[in-house]
Amino acid sequence: MASAKEILQLDLYALLGVEEKATEKEIKKAYRQRALSCHPDKNPDNPKAAELFHQLSQALEVLTDAAARAAYDKVRAAKKQAEERTRRLDDKRKKIKLDLEARERQAEEDSQKVEEFKVSRTLEEEIARLREEGSRQLQEEQRLIREQIQREREGRLHTHSDAPQQCNTPKLKLKWKCKKDDDTNGGYSQDFLQRLLQKYGDVLNIVISSKKKGSAVVEFATVRAAELACKNEVGLTENPLKIVWLEGQPEAAPTAPSHMTPGMFTPSQNPLSSERDYESLVLMRMRQAAERQRLIEQMQKEDEEET
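Since we're looking at a predicted model, the values are computed, not measured.

Asks: Just to check I follow, could you spell out the overall build of the chain for this structure?
Replies: Looking only at helices and strands, the chain has 11 helices and four strands in total. Relative to its 307 residues, the chain shows a buried fraction of 26%. Once local pairs closer than 6 in sequence are excluded, the contacts in the chain between residues at least 24 apart make up 67%.

Structure (structure tokens):
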């Protein structure tokens, strides 16, 4: 017979497939059914059949003997109680561990909240300090902004008051020979005229008549540039230009008194002063598109009058 330690490793009731309160008759019946099914003679190819048959025999011996069964049941019950205590202890330890982890998380969250509160409090204090110490800087910056806005407003008013003078920009009218069916427009395209005239100064607009070939209006940035172009430009040798003033022609300068020698100038005739006058007539780039449209309409009107 196996030792008590080996028997306690087995669940004899489960091995026979009976309840713990089974009678001796029920135990013997269960034994016969199980033993017949696993008898070594019936299972020669199953090496575990003999071992199972031996365990069933041990179960029968213990459970059909009242004293042995009582001792087995007592030890088995004590073992179950120990397992239950271990399970409860494990559950308690698990709960303690979970509680500890929860407290640690809560403590960490509380610490973070305290730190966030300190940082927030520090930020609020710094903002309050900046408001007190920086108020003068803020007021100064706002004053400068108001002054800049005022200057811009005055500049716009000044620009509007000068508008009539600026509209009278120097413009020349150009004419050349061109047949109606000439696609080259007599050799004068807008790009060619731009290259031809820009050597005298900035050219703001060039409008070639779309109704009447051989005609264009050119707007210069300065009177000086328009004067030089009107006086010196001849255009193509085989198809010369005829250039006349359209707008902005300067008045003829008075002749110098006889007592003045060549090269002497009165203050009103100072070349530097004249140059400043020319520069003051430079158009603002913002109105170029509007002025170009006006030139187109003016040329269309002139073309209609000539036809």
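So, next bit.
Asks: What's the story with the environment of S209 in this structure? I'm lost.
Replies: With respect to the secondary-structure elements, S209 resides in the loop between β2 (203–208) and β3 (215–220). Exposure remark for S209: the relative accessible area of 9% places this residue in the buried category. Between the C-alpha atom of S209 and that of Q298, which follows or precedes it by 89 residues, the distance is 10.0 Å. Reaching out from S209, the side chain makes a polar contact with the backbone nitrogen of K212 at a distance of 3.1 Å.

Asks: How should the sheet that holds strand β1 (residues 171–175) be read in this particular structure?
Replies: For sheets, the rule is that strands pair by backbone hydrogen bonds, running either parallel or antiparallel. Strand order across the open sheet formed by four strands is β2-β3-β1-β4, with antiparallel pairing between neighbours. Each of the sheet's edge strands pairs with one partner strand only, and the pair in question is β2 and β4 (242–247). For this sheet the average axis-to-axis angle between neighbouring strands, irrespective of direction, equals 25 degrees. Against the sheet, helix α8 (residues 190–197) makes contact with β1, β2 and β3, and its axis sits at roughly 145 degrees relative to β2, the strand it touches most. Contacts between helix α9 (residues 223–232) and the sheet are confined to β1, β3 and β4, with β4 contributing the most and set at about 155 degrees to the helix.

Asks: I keep staring at the packing of helix α3 (residues 24–37) against helix α4 (residues 47–63) and nothing clicks. Help me out?
Replies: A pair of packed helices is characterised by two quantities: the angle between their axes and the separation of those axes. Interhelical geometry of α3 versus α4 gives an angle of 170 degrees and a closest axis separation of 10 Å. In terms of axis orientation, α3 runs roughly antiparallel to α4. Contacts between α3 and α4 pair I27, K28, Y31, R34 and A35 from the former with F53, L56, S57, L60 and L63 from the latter.

Scoring rules and cut-offs
Residues numbered from 1 in each chain as written. Predicted model: local features only at pLDDT ≥ 70, side-chain atom pairs only at ≥ 80, totals over all residues. Heavy atoms only, no water. Helix = DSSP H or I, 4+ residues; strand = E, 2+ residues; numbered from the N terminus. Buried < 20%, exposed > 50% of the residue type's maximum accessible area, 1.4 Å probe, protein only. Contact = heavy atoms within 4.5 Å. Polar contact = N/O pair within 3.5 Å; in protein donor to acceptor, adjacent residues only side chain to side chain. Pairing = 2+ DSSP bridges. Axes fitted to C-alpha atoms, helices over the stretch in contact; angles between N-to-C directions. Parallel < 35°, antiparallel > 145°, perpendicular 65-115°, else oblique.

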